[in-house]
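Here's the letter readout for the chains.
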Amino acid sequence: MKEFFLNDKKFLAYYIGLWLITTTGLFLVLKKTLSWDYLPLLADTLISTVLFFFIFLSLWYVVRFAGGYSVQMPDKLLSTFIAAGVLVAIWAYLSSQALILSSSEWPGYGQFVLDTLWIRALMGAVLAVIVNLLFYNFYLISFNRQAAERESQLKELVQRTELQALKNQLNPHFIYNSLNSISSLTITTPEKAREMIIRLSDFLRYALKQDAMQMTSLEKELENIEYYLQIEKVRFGEKLRYRLEINPLLKNLALPVMILQPLFENAVKHGVQKSSEPSEIRFVAAIRDQEVTLLISNVFDSKFDRFRSEGVGLENIRNRLRLIYGNGKLLSVKADEGVFTASLTLPKTEYHEEV
Amino acid sequence: MRAFLRQASPSQKLNTMKKYKALIIEDEQPARDLLKVFLKDFPAIELLEECTDGFEGAKAIAKHKPDLVFLDIQMPRINGFEMLELVDEENLPLVIFTTAFDQFALKAFEVNALDYLLKPVSAERFRQAVAKALQALEAGSTKNESLLKAMDSAIIGGKFLDRIVLRSGEGVHVVAEEDIYCIEAQDDYVLISTSGDEFLKKRTLKYFEERLDPTYFQKVHRSFLVRLDAIQKVEPYSKDAYLAILKNGRKISVSKSGYSELRQRFDF
């Protein structure tokens, strides 16, 4: 709500237009109905409306701030009407004083102003209502515009995260390398090639049908991790070792689909691929009160692979956690004495398959 | 194949038994197997050894001095480019890179005619690449200019170096970019100083000036590239010359223009 209505040309035009119409109309009516000369009438009209124009600019701030960011019509209008009443009183006083001071050349005009003060105040009040509604209308329009902007920004964030999640699930490097392995196996051991194609298909089926918000059970997620690790094992052979410890109580733990996969992929990339020795990836789940902590760790060679900064993969997981749980800090990582550990803390909730 | 050899080099008729030595340097067993199967079609190429990482590869190149190497880029410990840094220039073989889709690798090759094979490797592309390599070997090309160019642009096209692989004596050192204090030009070599060690490497200062992130590194003298964090203080030395004292106690010359650039960087 940083906009001041004067910055909006359209509303400024409305406001000035309102002033022009009022001023001309008032002058013509006065000239027609009263016997005073045009000069005092013009002075009267101009002094009254110009003062009105500036004093009532301040009403905008009342509309803008009254009731905080509330858009509830009654709340806001009540406080603005009270303010408008005060402003009308101030305006009536100031304009009449100014007219009395400037009307010394036209004897009797000062008295005429005082006599008609109640009519002036009434007209001021009518105008105040119109101005108030104009401001309120403008406030509503800009409020809605900003709400729409915020909403579209949020939508965009969701879409971007989903897109990235999809990209992340399908690391092209992993797929091309797997296909290269399969190509080799078709010559050396065709039955193994067939087996690997099935694994890769299972993995892709799981990875491709998901969107960023979908949930699954820990058991399902780990089943898919196992496919993934078996595919990688064809590439890396004995170098890749893994141990997945699953507490039977946690089989049905609800978690976002494909949330563990990038963590395992990291472990393969930094633990197994960069090592010339056999390297083990461990998965452990620990229950603590209403929370479950999932730990994925791998050994890495700190001489050749420094932990520098977190990659897009981790950022992407955090974005998804932010969307689903409203908290990206559920994921933390640390590299300590050659062991890299990613720890994911989730609320202990059961997953129920959607029918 | 024989038809190709005749076409490529008529002189080959006189010496059809000439064999070229080759190595496969690749960490994944199935990928190695595939290359081996494809190589069977080329009797002119003798496969001497298969290596599973960059260190083995560098050693095997020094030992066998092969004519042709099939080199994977992503490998344990040091990558394919870094492995080539460990090879003496006179031993540099012709290289055919093998890589899965990878932005930095692709960028390297887009601008160069050097050959590379994308995984999954097609038999046809393999034949083309090897034919090209054989043609080059037949022509007696031992110079590997396109390779050197590719290595250069691989780094330029990708990102700044985050580490330097160095050979010293028998050992190999991996120096992280943030551990480099300064690099000094010394004829054909550069002297790389870290907090505790110094290493000589056969490269030009310009090479590192282009490849180290200028956010952290600044050339302060025609012979010195320095890491800004490593500077402890700068003091005047003589008219138009200054000395920078580094955190490891080393003093290096700073020229007048180097000094004014430092002033700008540090805002003093």
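These figures come from a predicted structure and were not determined experimentally. Within each chain, residue numbers correspond to sequence positions counted from 1 in written order. Chains and ligands are labelled sequentially in the order written, the chains with letters from A and the ligands with numbers from 1. Totals for whole chains, interfaces and linings use every residue, but because this is a predicted model, local features are given only for residues with pLDDT of at least 70 and side-chain atom pairs only at 80 or more, for both listing and counting.

K.L.:
I'm lost on the interface of chain B and chain A in this one. Help?
P.N.:
Interfaces are often described in size by the accessible area the parts lose on coming together. Across the contact, 21 residues belong to chain B and 24 residues belong to chain A. Looking at the side of chain B that touches chain A, the elements with two or more residues in it are α2 (29-39) and β7 (171-176) of chain B. Any residue that is not Ala, Val, Leu, Ile, Met, Phe, Trp, Tyr, Cys, Pro, Asp, Glu, Lys or Arg is counted as polar, Gly included; the first ten are nonpolar and the last four charged. Residues that form the side of chain B that touches chain A fall into these classes: 12 nonpolar, 3 polar and 6 charged. C-beta atoms are first placed from the backbone for all residues, and any pair lying within 7 Å is then listed as a contact. By the criteria applied, helices consist of DSSP H or I runs no shorter than four residues and strands consist of E runs no shorter than two, each listed in order from the N terminus.

K.L.:
What am I meant to see in the sheet that holds strand β5 (residues 116-118) of chain B here?
P.N.:
Residues and elements named next belong to chain B. With parallel pairing, the 5 strands of this open sheet are ordered in space as β2-β1-β3-β4-β5. At either margin of the open sheet sits one strand with a lone partner, and together these are β2 (45-51) and β5. Neighbouring strand axes in the sheet, compared pairwise and without regard to direction, differ in orientation by 20° on average. Relative to strand β4 (residues 94-99), strand β3 (residues 68-72) is paired through 5 bridges, and the arrangement is parallel. Any two strands with at least two DSSP-identified bridges between them are counted as paired. What counts as an axis is a line fitted to C-alpha atoms, over the stretch in contact for a helix, and the angles between N-to-C directions run from 0 to 180 degrees.

K.L.:
Any chance you could explain the packing of helix α1 (residues 9-33) of chain A against helix α2 (residues 38-55) of chain A here in plain terms?
P.N.:
Geometry of a packed helix pair, given as the angle between the helix axes and the separation of the axes. Residues and elements named next belong to chain A. It is the contact of α1 with α2, at a shortest axis distance of 10 Å, that shows an interaxial angle of 150°. Here α1 is positioned roughly antiparallel relative to α2, judged by the angle of their axes. Seen along the crossing, α1 lies across α2 with a hand that is right-handed. Facing α1, whose interface residues are Trp19, Thr22, Thr23, Leu26, Phe27, Leu30 and Lys31, α2 presents Tyr38, Leu41, Leu42, Thr45, Thr49 and Phe53. For the contact of α1 with α2, the class distribution of residues is 8 nonpolar, 4 polar and 1 charged. Any angle between 65 and 115 degrees counts as roughly perpendicular, while under 35 counts as roughly parallel, over 145 as roughly antiparallel, and the rest as oblique. It is the rotation of the near helix from the far one that decides the hand of a crossing: anticlockwise by less than a right angle makes it left-handed, clockwise makes it right-handed.

K.L.:
Looking at this structure, how should I read the pairing of strand β8 (residues 180-186) of chain B?
P.N.:
On any regular strand, side chains alternate: one points to one face of the sheet, the next to the other face. Residues and elements named next belong to chain B. Strand direction decides the pairing type here: β8 and strand β9 (residues 189-194), joined by 6 bridges, are antiparallel. Bridge assignment links Ile183 to a residue of β9, and that residue is Ile192. Between β8 and β9, which pair antiparallel one after the other, the connecting turn spans 2 residues, and Asp187 there sits at a positive phi close to 50°. Two strands pair when backbone bridges link them, and β8 and strand β12 (residues 224-227) are joined in this way by 3 bridges, in the antiparallel orientation. Bridge pairing in β12 places Cys182 opposite Val226.

K.L.:
Any chance you could explain α2 of chain A here in plain terms?
P.N.:
Within an α-helix, residues lying three or four positions from one another point in the same direction, as the helix has 3.6 residues per turn. For a helix, the expected span equals 1.5 Å multiplied by the number of residues minus one. Its 18 residues place the ends of α2 of chain A 25 Å apart at the C-alpha level, agreeing with the 26 Å of an ideal helix rising 1.5 Å per residue. Exposed residues have 12 or fewer other C-beta atoms within 10 Å of their own C-beta, buried residues have 20 or more, and partly exposed residues fall in between, where C-beta atoms are placed from the backbone. Those residues of α2 of chain A that sit buried are Pro40, Asp44, Thr45, Ile47, Ser48, Thr49 and Phe52 of chain A.

K.L.:
Even after reading the chapter, I still don't get the nonpolar core, so can you show me in this structure?
P.N.:
Nonpolar side chains in soluble globular proteins generally cluster together in the buried interior. Here, a nonpolar core means buried Ala, Val, Leu, Ile, Met, Phe, Trp, Tyr and Cys residues linked by C-beta atoms lying within 7 Å of one another. Core analysis: the biggest nonpolar cluster contains 59 residues, and Val69, Ala133, Cys182, Ile183, Leu225 and Val226 of chain B have the highest contact counts within it. Considering every element that reaches this core, the biggest residue donor is helix α6 (residues 123-138) of chain B, with 6 residues. Each domain's limits were defined by an automated method or a database of domain assignments. Inspection of this core shows a minimum of three residues originating in each of domain 1 (2-157) and domain 2 (163-266) of chain B. If sequence neighbours within four positions are ignored, Leu225 of chain B has contacts with Cys182, Ile183, Leu205, Phe208, Glu209, Phe217 and Lys219 of chain B. In this structure, Phe236, Leu253, Ile259 and Leu346 of chain A belong to the second largest nonpolar core, which totals 39 residues.

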